[in-house]
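Examination of the molecular architecture
Here are the chains, one letter per residue:
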Amino acid sequence: MLDQAISLRKQLVSASSNSARVISVVSGKGGVGKTNVTVNLALSLVEMKKRVLVLDLDIGMGNVDLILGRRSDKHMMDMLQNQLSVWEIIEEGKDGLHTIAGGRNFGSLTRITDDMLVHFMKQLEELERFYDYIFLDMGAGATETALKFVLSSHEILVIATPEITSLTDAYSMMKFIYMKDKDLPFYLVINRYENVREGKETVEKLSHVCKQFLKKELICLGKIPMDQDVLHAVKKQIPFSIHKPSSIASRAVYQLAETYVGTVKQQEVSYKSFIGKLKSFFRER
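Notes on the structure in this doc start here.

With that settled, the discussion passes to the packing of aromatic side chains. Going through the model one piece at a time under the given rule, you end up with six aromatic pairs. Summarising the aromatic geometry, the rings of F149 and F282 are spaced 5.8 Å apart at their centres and angled 80° between planes, so their arrangement reads as edge-to-face. Pair noted here: F149 is in helix 7 (residues 144–152) and F282 is in helix 13 (residues 271–283), with a separation of 133 residues, a long-range link. A relative accessible area of 4% places F282 in the buried class. Seen from their ring centres, Y187 and Y260 are 6.1 Å apart, and the 90° between their planes marks the pair as edge-to-face. Taken as a pair, Y187 in strand 7 (residues 186–193) and Y260 in helix 12 (residues 248–264) lie far apart in primary sequence, 73 residues in all. Residue class for Y260 comes out buried when judged on its relative accessible area of 3%. Aromatic rings pair up to connect F120, F149 and F282 into one cluster. Across the ring face of F282, the terminal group of K148 is positioned such that the distance to the ring centre comes to 5.6 Å. When the ring centre of Y178 is taken as reference, the NZ or CZ atom of K182 above it lies at 5.3 Å.

Right, here's the structure in full:
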């Protein structure tokens, strides 16, 4: 495992970047396909020659490895409890995507000790130059610990479906975040819309309420249609963009990735600011 970690680090060092961009992915409620969208978006970015890490922060109920069909031997709590290097828990698949599993059937980050926290921050600092994008796949809802990561991120990616419960919860989540930090950018992805009209109206509804009540612009990156190929891929534990690259959902998520890269291309970010904010939030606990 240690040899693998050293090899992984050397591989990334050879193509190091200036600073990683950190994106928190939220949904408000569960069951909207948030993790599935995150994984396939990340894979599309990898296809575009970007170096991407997906960090599963749904601690104890993580599903990133399941979507990818991987069986993770190490997860976040292993790093904290056993003082492992972050490179020992990062997994690289044949698809080129790097992941850190959230694990299942154990406690949460709220239980970490001060020593664990120091080690955790030190390991996160290690990642600065090695990735273009780091996605934080958050659990459903807004726990106190999750909010620390969300508010430290460079931007928020909101996943919603046309269902009224999803839209209501997505808006509530954005409002909650907005009340804590009015400057954080919100990007929207609509998942599982049934027709063009429904997709368009869903975007318009959320954009309208954000502008009217929060005075905040909501940037829609794209929409992913309902697609039976996605369901088949989930059953086989294969990301739909790999299972059937020609499917309408796969084409939509790749277009979404292109839009995202184009949108944030001119916006400089500092990974150190992410770490700095995160440290300050955890000191308040």
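Still more ground to cover, so stick around.
Bringing the pattern of salt bridges into the picture now. Taken as a whole, this structure holds nine salt bridges when the rule is applied. Between D132 and R51 there is a salt bridge, and its shortest N-O distance comes to 3.2 Å. With D132 in the loop between helix 6 (114–125) and strand 5 (133–137) and R51 in the loop between helix 2 (34–47) and strand 2 (52–56), this residue pair connects regions lying 81 residues apart in the sequence. Here R51 falls in the buried class, since its relative accessible area comes to 18%.

Looking now at the layout of surface pockets. One number sums up the size of the largest pocket: a volume of about 460 Å³. Lining the largest pocket are 30 residues; nearest its centre among them are V32, G33, K34, T35 and N36. Contributions of two or more residues to the lining of the largest pocket are made by helix 2, strand 7, strand 8 (218–225) and helix 10 (228–236). No other element matches helix 2, which puts four residues into the lining of the largest pocket. Across the lining of the largest pocket, the residue classes break down as 13 nonpolar, ten polar and seven charged.

Moving on to the environment of L278. With respect to the helices and strands, L278 occurs in helix 13. Other than its neighbours up to four places away in sequence, L278 contacts M121, L124, K148, F149 and S152.

On to unusual backbone geometry, then. Not every positive phi belongs to a glycine, and K49 is a case in point at roughly 70°. Structurally, K49 is set in the loop between helix 2 and strand 2. Residue K49 is classed as exposed on the basis of its relative accessible area of 73%. Within the chain, R192 stands out as a residue other than glycine whose phi angle is a positive 60°. Residue placement: R192 occurs in strand 7.

What counts and what doesn't
Residues numbered from 1 in each chain as written. Predicted model: local features only at pLDDT ≥ 70, side-chain atom pairs only at ≥ 80, totals over all residues. Heavy atoms only, no water. Phe/Tyr/Trp six-rings, centres within 6.5 Å; stacked < 30°, edge-to-face > 60°. Helix = DSSP H or I, 4+ residues; strand = E, 2+ residues; numbered from the N terminus. Buried < 20%, exposed > 50% of the residue type's maximum accessible area, 1.4 Å probe, protein only. Lys NZ or Arg CZ within 6 Å of the ring centre and 35° of its normal. Salt bridge = Lys/Arg side-chain N within 4 Å of Asp/Glu carboxyl O. 1 Å grid on protein atoms, 1.4 Å probe; cavity = no way out; pocket = protein on both sides within 12 Å on 5 of 7 lines; lining within 4 Å. Points joined across faces, edges and corners; volume = space filled by probe spheres on them. Nonpolar A, V, L, I, M, F, W, Y, C, P; charged D, E, K, R; others polar. Contact = heavy atoms within 4.5 Å.

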